[in-house]
Amino acid sequence: MRLLNHLSIQSKLLLALLLTSILSILITGYIGYSSGRTALTNKIFDQLVGLRTAKAEEVRSYFGFVQNHVLTMSESPLAVDAVKEFKAAYQKLNNQALPAPQLAAVDRYYSDIFVPDLAQRLEEGTPAAEVYVPQTPNARYLQYHYIAKNDLALGKKDEIDNAGDGSEYSQVHQKYHPLFKSIAEKFKYKDVYLVDADTGNVIYSLEKEPDFGTNLRSGPFAGTNLAAAVDEANKSRDPNFVTVTDFATYRPSLNAPSAFIATTVFDNAKFIGVLVFQAPADEITRILTANAQWEKVGLGKTGAISLIGSDYTLRSLPRPYVENRDKYFETLGNAGLPPEQVDYIRRLGTPVTVLPARTTAVEKALAGREGAEIFRNFRGIPVLGAYQPIQFGNFNWALVALMDVEEAFAPVNQLVRRILVSSAILIPLVALFSYWLARLFVKPIERLIAATRRIAAGETDVEVKMKSNDELGELARSFNQMAYSLHQNELAIEQKDRENDRLLLNILPPSIANRLKNGEQQIADTFSNISVLYAEVEGFNELSANLPANEAIVLLNDLVGAFDEALETYGVEKVKTVGNAYIATCGLSVPRVDHSKRMMDYAIEMLNIVQRFNQQYNTSLGLDIGMDSGAVVAGIVGKSKFIYDVLGDTLNTARAIHSSPDRNIIQVTQPVHAVLHDLHPFERGKDVAIKGKGMIPVWAIKPLSSDLSDHHHDNGAVLSTSGQL
């Protein structure tokens, strides 16, 4: 054994020649296996790519047909006349008050039927019935006669042509409803809507779900994708405009995933309404599964074609769900999906828009790439897959055709088994003689390989222990020296990285810092609707004139630091301070629906902070605050010395209105007032001239219970930062 430790690597290689016969057998077998696997892989990939391309075209054709159909329908006398007559009949119900028993029946429908059914199909939480009860006389009247009074279940209420109330609306409904119902049944639409372009009222709905008769601008379903589709059509005012929304859960349909296709309706040159088709996910599933005929189209026993949305959730039903739901739910649990999410899918009755399906193929497809490769599906099973993107309007989908590797390579695996049986007869004759020499030769190499892999995986504190004095021993010593140098360098780099990260996070928001670190050179984003606050500390210039510079800066830092500490509580982000001015935003890095309310709460907290500051330091500072909501542009400004800044009319407007004769006043623009007027006692202020906008209205609020002026003192008698006079 010691003699072998002193042999050269060349001598050991000579011994390895004894393995030539074994290697020749293995190489021949591997070539056969590799060739067979490659040929089979290419064949299956070609098949999957063909299916992927064909199904993608079918999906495009389906949506193309629906878009053309809704556009053609909108130009027909049926749609134009229906909008005009439903619109006129709907308006006549504006003063049609319901008796108390009928109003109570509407309330009972929501509290006893709709809300309990909806609660069963929500992921969490319990909906409140009063949120969904219609508030306008028109909507209450229609929902009583066509929904609450209608004993048919939700989804079957379209069976009534005339509610029998004797109203003009019911006469119009009896005239057009059978026609729209026939269209929906023939083309498999879930619902058909007519929406008043002037008011946003749903003047007709085929299915008579809780959105019937409501207002899509201010009603309980104003935030749905139906409302978004109608809003886009309303903004376009183009006779040829068609918009398609992505699938999302839709509460009026008991949270069933739905997409909406909307277009404008014109009476000659007058824009009068919006025609909308509701498309369920079932038709997409039918296209992708070839009516559940997977094997007939060449997908075998495990193949499937799926459509995934930009949120990485399904847009079509998966094959296992269609074939055996109970087994599918069991598989989801075994794959590690949380039990509460499995239960939600079971209660909702579909995994569409709920089940995550994020894989490398989906990520590449949503990034605009197409290809074919082997990857793991969301359950961790290796699959062969072909993927490509599909774009509709403003959103992208990923289409993936796949088949389990185990099934795809079954023929080549049979070939491998035959090769192994043949080799098993020959290899033992040679292996018994050369085994101990091979192990002696391989062990040092294996150690080096293992150590190299650890370095490749990111470990640098690696050492290879080897006693031999041959070339491998020398290589091990050289490797150890290299690993030691790498380890020291890595420690130094990690220290520098931590210092750089801390510095970067002091300047930029975390998300922007990450983008800058990832190599983005020009970072600028447009945000369509956020809230901006511009506050200016009043009285600080007079205060600083009576203090040494260092004490003035310490006081300002204490005040600004208090403002900064309150940011996270309200979900607000600081942009910058300029002198005694403080600029903040809400809804920038993290989109927030209630950004205006959060910003108002933060503004009130700023006034409280100033009040506490005055009490602590015996000062008489105040705040002038201006708030506006709207679009801004945010990005990195500068190169060698840069800042993250916010630009645009919204900031300029907040700056322009912040000033007022009195201190500690919060002044807001119309967009903010429109959102918060029910929450705060605003008073109308003086209009302010804005460049490019003219005079704009301003509302003001003074939220503190006692004016900060109660704490005014002479600026010459101010507490220093140490708390002494």
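Quick summary incoming for the structure in this document.

Criteria and cut-off values
Residues numbered from 1 in each chain as written. Predicted model: local features only at pLDDT ≥ 70, side-chain atom pairs only at ≥ 80, totals over all residues. Heavy atoms only, no water. Axes fitted to C-alpha atoms, helices over the stretch in contact; angles between N-to-C directions. Helix = DSSP H or I, 4+ residues; strand = E, 2+ residues; numbered from the N terminus. Left-handed = near helix turned anticlockwise from the far one by under 90°. Contact = heavy atoms within 4.5 Å. Core = buried A, V, L, I, M, F, W, Y, C linked by side-chain atoms within 4.5 Å. Buried < 20%, exposed > 50% of the residue type's maximum accessible area, 1.4 Å probe, protein only. Salt bridge = Lys/Arg side-chain N within 4 Å of Asp/Glu carboxyl O. Pairing = 2+ DSSP bridges.

1. Considering the packing of helix 5 (residues 100–119) against helix 7 (residues 137–148)
Piece 1. Where helix 5 contacts helix 7, the axes come no closer than 9 Å and their chain directions differ by 65°. Note on packing geometry: the crossing formed by helix 5 with helix 7 is left-handed. In contact with Gln102, Leu103, Ala105, Val106, Tyr109 and Tyr110 of helix 5, helix 7 contributes Arg140, Gln143, Tyr144, His145, Ile147 and Ala148.

2. A closer look at the nonpolar core
Across soluble globular proteins, nonpolar side chains have a tendency to be buried as a group.
Piece 1. Core analysis: the largest hydrophobic core is formed by 112 residues, its most contacted members being Val59, Phe63, Phe86, Tyr169, Phe180, Leu194 and Trp397.
Piece 2. For this core, the element with the highest residue contribution is helix 3 (residues 20–74), accounting for 13 residues.
Piece 3. Setting aside its immediate chain neighbours within four residues, tyrosine 169 contacts Phe86, Ala89, Tyr90, Leu93, Leu142, Tyr146, Ile203, Tyr204 and Phe212.

3. Concerning the pattern of salt bridges
Piece 1. For the structure on display, the rule yields 26 salt bridges.
Piece 2. Here arginine 315 makes a salt bridge to aspartate 246, at a shortest N to O gap of 2.9 Å. Of this pair, arginine 315 sits in the loop between strand 7 (304–309) and helix 11 (319–323) while aspartate 246 sits in the loop between strand 3 (242–244) and strand 4 (248–250), and the two are 69 residues apart along the sequence. With respect to burial, arginine 315 and aspartate 246 carry one shared label: buried.
Piece 3. Between lysine 597 and aspartate 601 there is a salt bridge, with its nearest N and O atoms 2.9 Å apart. On the criterion of helical spacing, the pair formed by lysine 597 and aspartate 601 is a turn pair, its members being four residues apart in helix 21 (residues 595–617).
Piece 4. With relative accessibility at 22%, the residue aspartate 601 sits in the partly exposed group.
Piece 5. Here the salt bridges share partners, and the residues they tie into one network are Lys87, Asp196 and Asp198.

4. Quick notes on the pairing of strand 9 (residues 382–392)
Piece 1. Within strand 9, eight of the eleven residues are buried, which leaves the element mostly enclosed by the surrounding structure.
Piece 2. Of the strand pairs in this sheet, strand 8 (residues 371–376) and strand 9 are connected by six bridges, and their pairing is antiparallel. Each residue of the ladder has a partner; that of phenylalanine 375, found in strand 9, is valine 383.
Piece 3. The hairpin formed by strand 8 and strand 9 contains five residues between the paired strands, and glycine 380 there has a positive phi angle of roughly 85°.
Piece 4. Two elements, strand 9 and strand 10 (residues 395–404), share ten bridges in a ladder whose sense is antiparallel. Looking across to strand 10, one finds that isoleucine 390 is bridged to tryptophan 397.

5. A word on unusual backbone geometry
Piece 1. At asparagine 291, a residue that is not glycine, the phi angle is positive and equals roughly 60°.
Piece 2. Inspection of the secondary structure assignment puts asparagine 291 in the loop between helix 10 (282–289) and strand 7.
Piece 3. Phi at asparagine 664 takes a positive value of approximately 60°, unusual for a residue other than glycine.
Piece 4. Summarising the element assignment, asparagine 664 is placed in the loop between helix 22 (649–657) and strand 16 (665–668).
Piece 5. Given a relative accessible area of 1%, asparagine 664 falls into the buried group.

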